[in-house]
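Chain residues, written in single-letter form:
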Amino acid sequence: MAVFYKLRKSEFKGRPNYGKYYAHTVKMGHVGLEEIESIIQQNCTATRGDVRLVLTELIDVMKKELQEGKVVELDGFGRFSLSIKSTCVDNPEDFNVRKNIKGMKCNFTPTGHRRGLGDRTISRPFFDGCDVNEFG
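Residues numbered from 1 in each chain as written. Predicted model: local features only at pLDDT ≥ 70, side-chain atom pairs only at ≥ 80, totals over all residues. Heavy atoms only, no water.

Q: Looking at this model, I keep getting lost on the side chain of N100. Mind explaining?
A: Following the sequence through the fold, N100 ends up in helix α3 (residues 97-100). A polar contact is formed between the side chain of N100 and the side chain of T87, at a distance of 2.8 Å. Filtering out sequence-adjacent residues up to four positions away, N100 remains in contact with K85, S86, T87, C88, V89, D94 and F95. (Helix = DSSP H or I, 4+ residues; strand = E, 2+ residues; numbered from the N terminus. Polar contact = N/O pair within 3.5 Å; in protein donor to acceptor, adjacent residues only side chain to side chain. Contact = heavy atoms within 4.5 Å.)

See the structure below:
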């Protein structure tokens, strides 16, 4: 299995990397809930209906827990959390929720572990066995 890339030229004037080339991931399609249900059904004894029921409930529970400010950790998969995007103010008294909160986002960190004592590298199972190849 491989992740493909194409080289792109940076178009952001005023940035240190302007005019330089960088690798941009090529998306090779989309997999939705129905396809995932079918694949899981083929791999185990659960039916598509069973899988849909569990995944739909998982989504509902995750939404509730995330909106309560919790980190949702799915062992072997990763951690989800919500974070806020805001503009900065010079003084705390100047901060206004309506004015300074610009949005929210959902963060995902795949499961990982350090390879050994003192090793700063994190091994992530999602990347195991994956190559990187130029597209085209």
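Now that the structure has been shown, the text picks up again.
Q: Teacher, can you tell me more about the sheet that holds strand β3 (residues 72-74) here?
A: Strand-to-strand pairing in sheets goes through backbone hydrogen bonds, with the strands running parallel or antiparallel. The strand order across the open sheet formed by three strands is β3-β4-β5, and the pairing between neighbours is antiparallel. What marks the edges here is a single partner per strand, and that holds for β3 and β5 (101-110). Shown here is a sheet whose adjacent strand axes are inclined to one another by a mean of 25°, direction ignored. By the bridge criterion, three bridges tie β3 to strand β4 (residues 78-86) in an arrangement that is antiparallel. In the strand pairing of β4, E73 is matched with R79. (Pairing = 2+ DSSP bridges. Axes fitted to C-alpha atoms, helices over the stretch in contact; angles between N-to-C directions.)

Q: How do you make sense of the sheet that holds strand β1 (residues 2-9) when you look at a structure like this?
A: Pairing is mixed across the open sheet formed by three strands, whose spatial order is β2-β1-β8. Of all the strands in the sheet, just β2 (21-26) and β8 (131-134) have a single pairing partner and so form its edges. Each strand axis lies, on average, 40° off the axis of its neighbour in the sheet, ignoring direction. Judged from the four bridges that link them, β1 and β8 form a sheet pairing that is parallel. Following the sheet pairing, V3 is matched in β8 by V132.

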